[in-house]
Amino acid sequence: MKPEFTYIEQFINRIDVECPSCKAKAVVTSSPENRAETRFTCVSCGSTKNWMGKANVFQTGSSQFFSGGILMGHPIDCYFKYPLWYTTEVKGKVLFGYNKEHLTYLLNFISNKTRERQPNEHGWSNRSLESRLPKWMLSAKNREVIEKKLKELMAKGV
Ligand SMILES: [Zn+2]
């Protein structure tokens, strides 16, 4: 059985964030067909904002060299760089999810004891989420605490 590759891009169409104005749970929505149509909405304080970044520039890695595009892999939303709603700490590392589907995915993946990376018919994929997860998240000795923290995050209300 070959596992389906999961691309992190599927989780960035709806990101739960903390509103920078009122600190309530707010949302950033984006269209996979057109990332220029990305918008922040907070129903608590009525704040809205259209994203004006570089929709065709994807960036991972250090935010120090951030160029104004879509930044992945940090506990902030990829567009406005607002703090994520689902973020916590595990042994000094930041554990985060863009939304509940992302947390569910991570929980299932980490709980799966037979998580072996296998190539699909196109070979290994570096763009898959599996290949991007940091080592500390995949370490067997951290599995229990990460599962606990993910479940706590999933239970976090509004
Ligand atoms: Zn607000």
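The rules behind these values
Residues numbered from 1 in each chain as written. Predicted model: local features only at pLDDT ≥ 70, side-chain atom pairs only at ≥ 80, totals over all residues. Heavy atoms only, no water. Helix = DSSP H or I, 4+ residues; strand = E, 2+ residues; numbered from the N terminus. Buried < 20%, exposed > 50% of the residue type's maximum accessible area, 1.4 Å probe, protein only. Contact = heavy atoms within 4.5 Å. Pairing = 2+ DSSP bridges. Axes fitted to C-alpha atoms, helices over the stretch in contact; angles between N-to-C directions. Donors = N, O, S within 2.8 Å, 3.2 Å for Na, K, Ca; no water. Tetrahedral: all angles 85-135°; square planar, octahedral: opposite > 155°, others 65-115°. Salt bridge = Lys/Arg side-chain N within 4 Å of Asp/Glu carboxyl O. Phe/Tyr/Trp six-rings, centres within 6.5 Å; stacked < 30°, edge-to-face > 60°.

## A word on the overall build of the protein
Part 1 of the argument: Helix and strand content of the protein: three helices and eight strands.
Part 2 of the argument: When the elements of the protein are put in sequence order from the N terminus, they spell out β-β-β-β-β-β-β-β-α-α-α.
Part 3 of the argument: Put simply, the protein has 158 residues, and 40% of those count as buried.
Part 4 of the argument: The long-range share in the protein, meaning contacts at least 24 apart out of those at least 6 apart in sequence, stands at 51%.

## Looking at the sheet that holds strand β2 (residues 25-29)
Whenever strands of a sheet pair, they do so through backbone hydrogen bonds, lying parallel or antiparallel.
Part 1 of the argument: Taken in spatial order, the four strands of this open sheet run β1-β2-β3-β4, and their pairing is antiparallel. Two strands in the sheet have a free side with no partner beyond their single neighbour: β1 (14-18) and β4 (48-50). Taking each pair of neighbouring strands and ignoring which way they run, the sheet shows an average axis angle of 20°.
Part 2 of the argument: Here five bridges tie β1 to β2, and the two strands are oriented antiparallel to one another. Each bridged residue has a counterpart across the sheet, and for Asp16 the counterpart in β2 is Val27.

## Things to note about the environment of His74
Part 1 of the argument: Residue position: His74 is located in the loop between β6 (70-71) and β7 (86-90).
Part 2 of the argument: In sequence terms His74 and Leu95 are 21 residues apart; their C-alpha atoms lie 9.4 Å from each other.

## Side note on the pairing of β2
Part 1 of the argument: As consecutive antiparallel partners, β1 and β2 are separated by six residues, and within that stretch Lys23 has a phi angle of approximately 70°, a positive value.
Part 2 of the argument: Relative to strand β3 (residues 39-41), β2 is paired through three bridges, and the arrangement is antiparallel. Looking at the pairing, Val28 lines up with Phe40 of β3.

## Observations regarding the coordination of the zinc ion
Part 1 of the argument: The protein atoms that coordinate the zinc ion are Cys19 (SG), Cys22 (SG), Cys42 (SG) and Cys45 (SG), at distances spanning 2.3 Å.
Part 2 of the argument: One can describe the donor arrangement at the zinc ion as tetrahedral, given that its four donor atoms subtend angles of 105 to 116° at the metal.
Part 3 of the argument: All donor residues of the zinc ion come from one chain, and their arrangement in sequence is C-x2-C-x19-C-x2-C. You can see Cys19 sitting in the loop between β1 and β2 and its partner Cys45 sitting in the loop between β3 and β4, a full 26 residues away along the chain.
Part 4 of the argument: Of the residues examined, Cys45 reaches a relative accessible area of 38% and is grouped as partly exposed.

## Some thoughts on the pattern of salt bridges
Part 1 of the argument: Under the criterion given, the structure shown has two salt bridges.
Part 2 of the argument: For Lys23, the salt bridge is made with Glu18, and the minimal N-O distance between the two is 3.8 Å.

## Describing unusual backbone geometry
Part 1 of the argument: A positive phi angle is found at Lys23, which is not glycine, with a value near 70°.
Part 2 of the argument: Even without glycine at this site, Lys81 takes up a positive phi of about 70°.
Part 3 of the argument: Counting through the fold element by element, Lys81 comes out in the loop between β6 and β7.
Part 4 of the argument: Using a relative accessible area of 21% as the deciding quantity, one classes Lys81 as partly exposed.

## Comments concerning the packing of aromatic side chains
Part 1 of the argument: Tallied over the full model, the rule gives seven aromatic pairs.
Part 2 of the argument: Here the aromatic rings of Phe11 and Tyr105 are separated by 5.7 Å at their centres, their planes lie at 40°, and the arrangement is tilted. Separated by 94 residues along the polypeptide, Phe11 in the segment before β1 and Tyr105 in helix α1 (residues 100-111) bring together distant segments of the chain.
Part 3 of the argument: Centroid distance Phe40 to Tyr82: 5.0 Å. Interplanar angle 80°. Geometry classified as edge-to-face. Highlighted residues: Phe40 in strand β3 and Tyr82 in the loop between β6 and β7, separated in sequence by 42 residues. Across this residue pair, the class does not change: Phe40 and Tyr82 are buried.
Part 4 of the argument: Through a chain of ring-to-ring contacts, the aromatic side chains of Phe11, Tyr105 and Phe109 assemble into a single cluster.

The values reported here are purely geometric and, on their own, carry no functional implication.
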